[in-house]
Amino acid sequence: MDNAIADPPGEAPTGTVFNIIRFSVQDGPGIRTTVFLKGCPLECAWCHNPEALSGGKELLFRPDRCIACGDCMDVCPRHAIVEKEGKYETRTELCARCGTCADACAADAREVIGRLMTVDEVTREVERDAPFYLESGGGVTFSGGEPLLQHRFLVLLLRSCVMRGFHTVVDTAGYASPDVLFRVAELTDLFLYDLKSVDEEIHRRFTGVSGALIRGNLERLASWGKKVVIRMPIVPGVNDSRSNIDAAGRFIASLGNVVQVQLLPYHTIGVAKYARLGVPYSLPAVQTPSSGYLNSIAEELLRFHPVVSIGG
Ligand code: SF4
Ligand code: SF4
């Protein structure tokens, strides 16, 4: 690859971050800091981070914590909170996501998700654990949402990390233009790349978008010689048929740059968040697959790749 990279015009110095997790050991090698960027172009039916889907801030409400004191209603500058039969509801069409109600809520029932941060602010945060990166062979991972959506911000963050000698990982669904992918790939040591299904009909139905660009971008990363860990969510009844697994295995085997395949079992940890956001969840009947079942899928994929693991 050509290492020269020009500054994209009209660079935005800030981006929306919804979480930064330190001492992560599941988002790449060693001890890492994972920066979660907000916004995603896909709508996967099993998504466990629904608060990450929109690019802007969101107000999350936990009714189980609410003690019905009414303080939030009193402080809201937009009069977006109303009391109905002793319950305090938010009129989302009036809410400006300012966070005033969350600051006032002594019960921690309200929280604004998403924070505008500068590149310097994020860099200062990830620099705190630089000694651990060196000792453990770790570094910084950018995840989401879909980090490629805020690509200008991401490129600046990656460049800042590369300048400091930090190992860089991008955790992506790969749904971005090849130009964007190229600019990001120049600054990325390893990709964690979701492969949800190689079946186009399944992909469209359960993620809302075509998988063609995602598969094409995987082939591009292979042609550029970039290291990739494939992450396959295993969602029973959705993408776990033998034909789908075999087709995915054949595709992975054709790439040549995949260092590992990870199976990510469907789980329901994020389901409660849908209710807190007031959003319906579309896969309520799906069960978490058993370890025996996951082992049988791993065995099948070992026919196509020598390194297959369960979990991230
Ligand atoms: S301030 Fe918090 S606890 Fe009080 S009514 Fe509002 S959400 Fe409930
Ligand atoms: S986030 Fe701001 S505008 Fe929205 S309900 Fe709370 S105080 Fe009102």
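Residues numbered from 1 in each chain as written. Chains lettered and ligands numbered in written order. Predicted model: local features only at pLDDT ≥ 70, side-chain atom pairs only at ≥ 80, totals over all residues. Heavy atoms only, no water.

**Regarding the sheet that holds strand β11 (residues 227-234)**
Taken in spatial order, the nine strands line up as β7-β1-β2-β8-β9-β10-β11-β12-β13 in an open sheet, and their pairing is mixed. Every interior strand has two partners, whereas the edge strands, β7 (115-118) and β13 (308-310), have only one. The average angle at which neighbouring strand axes cross in this sheet is 30°, direction not considered. Here strand β10 (residues 190-194) pairs with β11 via five bridges, running parallel. Across the sheet, residue Asp194 finds its bridge partner in β11, namely Arg231. Set on the sheet, helix α11 (residues 291-301) makes contact with β11, β12 (258-265) and β13; between it and β12 the angle comes to about 160°. (Pairing = 2+ DSSP bridges. Helix = DSSP H or I, 4+ residues; strand = E, 2+ residues; numbered from the N terminus. Axes fitted to C-alpha atoms, helices over the stretch in contact; angles between N-to-C directions. Contact = heavy atoms within 4.5 Å.)

**Overview of helix α6 (residues 178-185)**
Every buried residue of α6 is listed here: Val180, Leu181, Arg183, Val184 and Ala185. The inward-facing, buried residues of α6 abut α5 (151-163), β9 (167-172), β10 and α8 (212-223). (Buried < 20%, exposed > 50% of the residue type's maximum accessible area, 1.4 Å probe, protein only.)

**Considering the pairing of strand β1 (residues 14-24)**
Where β1 and β7 come together, four bridges link them in antiparallel fashion. Bridge pairing links Thr16 to Leu116 in β7. Two elements, β1 and strand β2 (residues 32-37), share five bridges in a ladder whose sense is antiparallel. Opposite Ile21, over in β2, you have Thr34 as the bridge partner.

**Looking at the site of ligand 1**
With respect to spatial proximity, 13 residues lie near ligand 1, and among them Cys66, Cys69, Gly70, Cys72 and Cys105 are the closest. Residues belonging to the shell around ligand 1 are distributed by class as follows: ten nonpolar, one polar and two charged. (Near = heavy atom within 4 Å. Nonpolar A, V, L, I, M, F, W, Y, C, P; charged D, E, K, R; others polar.)

**Quick notes on unusual backbone geometry**
Here the bond from Gly144 into Gly145 is cis, since omega is 10°, no more than 30 degrees from zero. Relative to the elements of secondary structure, Gly145 occurs in the loop between β8 (139-143) and α5. Unlike most non-glycine residues, His79 shows phi in positive territory, near 50°. Inspection of the secondary structure puts His79 in the loop between α1 (71-75) and β4 (81-84).

**Remarks on the environment of Asp240**
Its place among the elements puts Asp240 in the loop between β11 and α9 (242-255). C-alpha of Asp240 to C-alpha of Ile297: the two residues are 57 residues apart in sequence and 8.2 Å apart in space. Once you skip the residues sitting within four places of it in the chain, Asp240 turns out to touch Ile234, Val235, Ile245, Tyr293 and Ile297. At 2.9 Å, the side chain of Asp240 and the backbone nitrogen of Gly237 are in polar contact. For Asp240, the side chain forms a polar contact with the side chain of Tyr293, separated by 2.7 Å. (Polar contact = N/O pair within 3.5 Å; in protein donor to acceptor, adjacent residues only side chain to side chain.)

**Quick word on the domain arrangement of the chain**
Assigned domains of the chain: these are domain 1 (14-54 + 115-310) and domain 2 (58-113). A straight line from the C-alpha centre of domain 1 to that of domain 2 covers 33 Å. With seven residues of domain 1 at the interface, the matching set in domain 2 holds six residues. Buried surface at the junction of domain 1 and domain 2, summed over both partners, amounts to about 650 Å²; 61% is from carbon and sulfur atoms. With a shortest N-O distance of 3.3 Å, Glu58 and Lys38 are connected by a salt bridge. Here domain 1 and domain 2 share three residue pairs in polar contact (both at pLDDT 80 or more) between them. Here the side of domain 1 that touches domain 2 is built from residues that sort into three nonpolar, one polar and three charged. (Domains from an automatic or database assignment. Buried area = accessible area lost by both parts, 1.4 Å probe. Salt bridge = Lys/Arg side-chain N within 4 Å of Asp/Glu carboxyl O.)

**Some points on the pattern of salt bridges**
Evaluated as defined, the whole model comprises 16 salt bridges. With its nearest N and O atoms 2.7 Å apart, the salt bridge here joins Glu127 to Arg164. Here Glu127 is found in helix α3 (residues 119-127), whereas its partner Arg164 is found in the loop between α5 and β9, with 37 residues between them in sequence. Given a relative accessible area of 35%, Glu127 falls into the partly exposed group. For the salt bridge of Glu200 with Arg204, the shortest nitrogen-to-oxygen distance reads 3.3 Å. In this pair, Glu200 and Arg204 are both assigned in helix α7 (residues 200-207), four residues apart and thus about one turn of the helix distant. On the accessibility criterion, Glu200 (25% relative accessible area) is partly exposed. According to the relative accessible area criterion, Arg204 is partly exposed, its value standing at 48%. Here the salt bridges do not stand alone but share partners, grouping Arg242, Asp246, Glu300 and Arg303 into one network.

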